[in-house]
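# Understanding the architecture of this molecule
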Amino acid sequence: MALQTPPRGFGGSSRPAPTVDNHSAERLGDDVLAVIDALQFNRPILIGHSVAGEELSSIGSRHPEKVAGLVYLDAAMHTPTTTASTETYGSI
């Protein structure tokens, strides 16, 4: 079985305010974990494309017991380079 969960603000998902807290890798990862728990999946293998790699890393590092594996497809990590991005996301 394969299941795709759209991140916050995409598809039919809710559209919370565009703040760092609402769209951090940890928060988005928590959304994925909530779906896993709600559907009672037992240690699924998660696949993340592009910036979803950040979510996977968050899940895997914080809750390795919840997943059997992580697959990264052309994964990326957000690194702010502009002043506006730095003000929004903070320094890395």
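No experiment lies behind these values; they were computed from the predicted model shown.

This brings us to the pairing of strand β1 (residues 45-49). The alternating pattern of β1 places Leu46 and Gly48 on a buried face, while none of Ile45, Ile47 and His49, on the opposite face, is buried. Two strands pair when backbone bridges link them, and β1 and strand β2 (residues 69-73) are joined in this way by five bridges, in the parallel orientation. In the strand pairing of β2, histidine 49 is matched with leucine 73. What joins β1 to β2 is helix α3 (residues 52-62), and the crossover it makes is right-handed.

A few words on the nonpolar core. Counting seven residues, the largest nonpolar core is built from Val32, Leu33, Ile36, Leu46, Leu56, Ile59 and Val67. Mapped onto this core, the elements with two or more residues apiece are α2 (25-38) and α3. With three residues, the single largest contributor to this core is α2. Sequence-distant contacts of valine 67, that is, excluding residues within four places in its chain, are made with Arg43, Pro44, Leu46 and Ile59.

In this section: α3. Listing the buried residues of α3 in full gives Ala52, Gly53, Glu55, Leu56, Ser58 and Ile59. Buried residues along α3 sit against α2, β1 and β2.

Now for the confidence of the model for the protein. This prediction gives the protein a mean pLDDT of 81; 82% of its residues lie at or above 70. Ranking the elements of the protein by mean pLDDT puts helix α4 (residues 83-89) last, at 49, and α2 first, at 93. For the stretch residues 82-86, pLDDT sits under 50, and the model shows four contacts to residues farther than four places along the chain or on other chains.

Looking now at α2. Here α2 spans 20 Å end to end across 14 residues, near enough to the 20 Å set by a 1.5 Å rise per residue. Restricting attention to buried positions, one finds in α2 the residues Ala25, Leu28, Gly29, Val32, Leu33 and Ile36. For α2, the angular spread of buried residues about the axis comes to 145 degrees, placing them on one side. Elements in contact with the buried residues of α2: α1 (20-23), β1 and α3.

Within the secondary structure, glutamate 65 sits in the loop between α3 and β2. The class for glutamate 65 is partly exposed, based on a relative accessible area of 48%. Along the chain, glutamate 65 and asparagine 42 lie 23 residues apart, while their C-alpha atoms are 9.9 Å from each other.

The rules behind the values
Residues numbered from 1 in each chain as written. Predicted model: local features only at pLDDT ≥ 70, side-chain atom pairs only at ≥ 80, totals over all residues. Heavy atoms only, no water. Buried < 20%, exposed > 50% of the residue type's maximum accessible area, 1.4 Å probe, protein only. Helix = DSSP H or I, 4+ residues; strand = E, 2+ residues; numbered from the N terminus. Pairing = 2+ DSSP bridges. Right-handed = clockwise from strand over helix to strand, strands pointing away. Core = buried A, V, L, I, M, F, W, Y, C linked by side-chain atoms within 4.5 Å. Contact = heavy atoms within 4.5 Å. pLDDT = per-residue confidence, 0-100. Expected span 1.5 Å × (residues − 1). Arc of directions from axis to C-beta.

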